Amino acid sequence: MKYRHAYHAGNFADVHKHVTLLALLAALKRKDKGFLYLETHAGRGAYDLSDSAPESAAGITRLAGADCVAEELRHYLARVGHLRRQRGAARLYPGSPWLAAGELRAQDRAVLIERLPAQARALEKSLAEFSGQRRVRVDSGDGYERLRAALPPTERRGLVFIDPPYEESRLDLQRAQTACLDALRRFPTGVVAIWYPIKDERTGAGWQAGLARDTGREMLLAELWLYPRDSRVALNGSGMLIVNPPYRMDESMRSWLAEMHRHLDAGHGGGSAIHRVAPGRVAPG
Ligand SMILES: C[S@@+](CC[C@H](N)C(=O)[O-])C[C@H]1O[C@@H](n2cnc3c(N)ncnc32)[C@H](O)[C@@H]1O
């Protein structure tokens, strides 16, 4: 396995993914009843950007230097700042498990799955401040498989977050789709969020249409791209596909996503969009 998230940490896709994650958790916290946060591809929990993370300059570093107005962007930057101050490391960047663990209330729980044992150990370490709280558990194993054992949650509320490396893009798209359908079979009311790369429009549109058809549920597609969507350079954009989105999620996302785009776009032809896909309808291409 060649993928090293440390290289990509803090890039524009991480920023987009992590602000979306915090917004989803905030929406779940609107109700008092506890929920499960289940992450299938958790990573190591914190990344040192001075350790060769060249893409962060156009991501977290650019956003942190901007004058952000939206509450969601300010909260995200405050959490990044908190981690840095707490560890005395100005170039540290939090992974999704650390951000999520910081949002949990006493009644909520997290199961964080990471396949590589060394990364799983690093994740446990990076979550040290939450240890002793039995509600945050790290599992070393295959996220696609472990997901089944964890669902449905006793709480009957939850967010399943799927963030594969896409080393083999088509295979991970296919596996993420199967995992999403599996999750919904066991837990039909759960929120499922999948991160996907925007780099090949036809493959992406076919995948989204398949999910819309097979899940038969409402979906949101929230996308941020910094290069023309079909250019062949590298990663053009970042997408979040959200099945069973929280009530009015699209409305609240609209303003912060547009603002995020304004701050991050360096004039290479980017954009942002949110599509709401009605149950069973084919997603727009
Ligand atoms: C994109 S990174 C995750 C980043 C993390 N979600 C974040 O935002 O901070 C993908 C991670 O998935 C792990 N991984 C790859 N295949 C996996 C699998 N089948 N099950 C669980 N983890 C896997 C990799 O080792 C890597 O740490």
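In the block above lies the structure referred to throughout.
Residue numbering note: each chain is counted from 1, following its sequence as written. Only residues with pLDDT of 70 or above have their local features reported here, since the model is predicted, and side-chain atom pairs are shown and tallied only from 80 upward, although totals for entire chains, interfaces and linings are computed over all residues. Processing note: side-chain calculations cover all non-hydrogen atoms of the structure and skip hydrogens and water entirely.

The next subject is the overall build of the protein chain. A tally of regular secondary structure across the protein chain gives ten helices and ten strands. Put simply, the radius of gyration uses C-alpha atoms, and a globule should come to 2.2 Å times the residue count raised to 0.38. By the compact-globule yardstick of 19 Å for 285 residues, the protein chain fits well, its C-alpha radius of gyration being 17 Å. The dimensions of the protein chain, computed from C-alpha atoms along their principal axes, are 45 × 45 × 40 Å. For the protein chain, with 285 residues in total, the buried portion stands at 55%. Any two residues whose heavy atoms approach within 4.5 Å at even a single point are treated as in contact. Of the contacts made within the protein chain by residues no fewer than 6 positions apart, 80% connect residues no fewer than 24 positions apart. Helix and strand assignments follow DSSP, with helices taken as H or I runs no shorter than four residues and strands as E runs no shorter than two, numbered in order from the N terminus. The rule is simple: take the accessible area with a 1.4 Å probe, protein chains only, and divide by the maximum for that residue type; under 20% is buried, over 50% is exposed, in between is partly exposed.

Below, the discussion takes up the packing of aromatic side chains. Pairs were defined over the aromatic rings of Phe, Tyr and Trp, the Trp ring being its six-membered one, requiring ring centres within 6.5 Å. Orientation was assigned from the angle between planes: stacked under 30 degrees, edge-to-face over 60, tilted for the rest. Under the counting rule described, the total for this entry stands at three aromatic pairs. Counted as over-ring charges are cases with an Arg CZ or a Lys NZ within 6 Å of the ring centre that also lie within 35 degrees of the ring normal. Positioned above the aromatic ring of W195, the side-chain terminus of K17 is 5.6 Å from the ring centre. Its guanidinium or amino end placed over the ring of W225, R229 lies 4.4 Å from that ring's centre, counting from NZ or CZ.

The nonpolar side chains of a soluble globular protein tend to be buried with one another. Formed by 90 residues in total, the largest nonpolar core has its most connected members in Y37, Y76 and I194. Of all the elements, helix 2 (residues 12-28) adds the most residues to this core, at eleven residues. The residues contacting Y76, other than those within four sequence positions of it, are V15, H18, V19, L22, I60, L63 and Y93. The set of buried Ala, Val, Leu, Ile, Met, Phe, Trp, Tyr and Cys residues whose side-chain atoms join them within 4.5 Å is what this entry labels a nonpolar core.

On to the sheet that holds strand 5 (residues 136-140). Being paired, for any two strands, means DSSP has found at least two bridges between them. Reading across from one edge, 5-4-1-6-7-9-8-10 is the order of the eight strands in this open sheet, with mixed pairing throughout. Each edge of the open sheet is held by one strand with a lone partner, namely strand 5 and strand 10 (271-277). Strand-to-strand twist across the sheet, computed as the mean angle between neighbouring axes with direction ignored, equals 15°. Examined bridge by bridge, strand 1 (residues 36-39) and strand 4 (residues 109-114) share four bridges and lie parallel to one another. The residue of strand 4 that forms the bridge with E39 is L112. The angle between two axes is taken between their N-to-C directions and runs from 0 to 180 degrees, where each axis is a line fitted to C-alpha atoms and a helix contributes only its stretch in contact. Those strands touched by helix 2 are strand 1, strand 6 (158-162), strand 7 (191-198), strand 8 (219-225) and strand 9 (237-243), and its axis lies near 20° from that of strand 9. The strands touched by helix 9 (residues 201-215) are strand 7, strand 8, strand 9 and strand 10; relative to strand 8, the strand with the most contacts, the crossing angle is about 160°.

Our next topic: helix 9. For a helix, the expected span equals 1.5 Å multiplied by the number of residues minus one. Given a rise of 1.5 Å per residue, 15 residues ought to cover 21 Å, and the 21 Å separating the end C-alpha atoms of helix 9 matches this to within 8%. Regarding helix 9, the residues found buried are T203, G204, W207, Q208, A209, G210, L211, A212 and T215. At the exit of helix 9 stands G216, carrying a positive phi of roughly 65°.

It is worth spelling out the packing of helix 8 (residues 169-186) against helix 9 at this point. At a minimum axis distance of 11 Å, the contact between helix 8 and helix 9 shows a crossing angle of 15°. Classified by the interaxial angle, the pair formed by helix 8 and helix 9 is roughly parallel. Viewed along their axes, helix 8 and helix 9 form a crossing whose handedness is right-handed. Counted together, R170, L173, Q177, C180, L181 and L184 of helix 8 and T203, W207, G210, L211, D214 and T215 of helix 9 form the full contact between these two elements. Here the contact of helix 8 with helix 9 is built from residues that sort into six nonpolar, four polar and two charged. Angles below 35 degrees are treated as roughly parallel, those above 145 as roughly antiparallel, those between 65 and 115 as roughly perpendicular, and all remaining angles as oblique. By convention the crossing between two helices is left-handed if the near helix lies anticlockwise of the far one by an angle smaller than a right angle, and right-handed if it lies clockwise. Side-chain classes are defined by residue name, with Ala, Val, Leu, Ile, Met, Phe, Trp, Tyr, Cys and Pro counting as nonpolar, Asp, Glu, Lys and Arg as charged, and the others, Gly among them, as polar.

Next up on the list: the pattern of salt bridges. The term salt bridge refers to a pairing of a side-chain nitrogen on Lys or Arg with a carboxyl oxygen on Asp or Glu at a separation within 4 Å. Taken as a whole and judged by the stated rule, the model has 19 salt bridges. With a closest N to O distance of 2.8 Å, D108 and R105 form a salt bridge. With respect to burial, D108 and R105 carry one shared label: buried. A salt bridge links R185 to D182, with the nearest nitrogen and oxygen atoms 2.9 Å apart. In this pair, R185 and D182 both sit in helix 8, three residues apart, roughly one turn of the helix. Where salt bridges share partners, they join R148, D182, R185 and R186 into one cluster.

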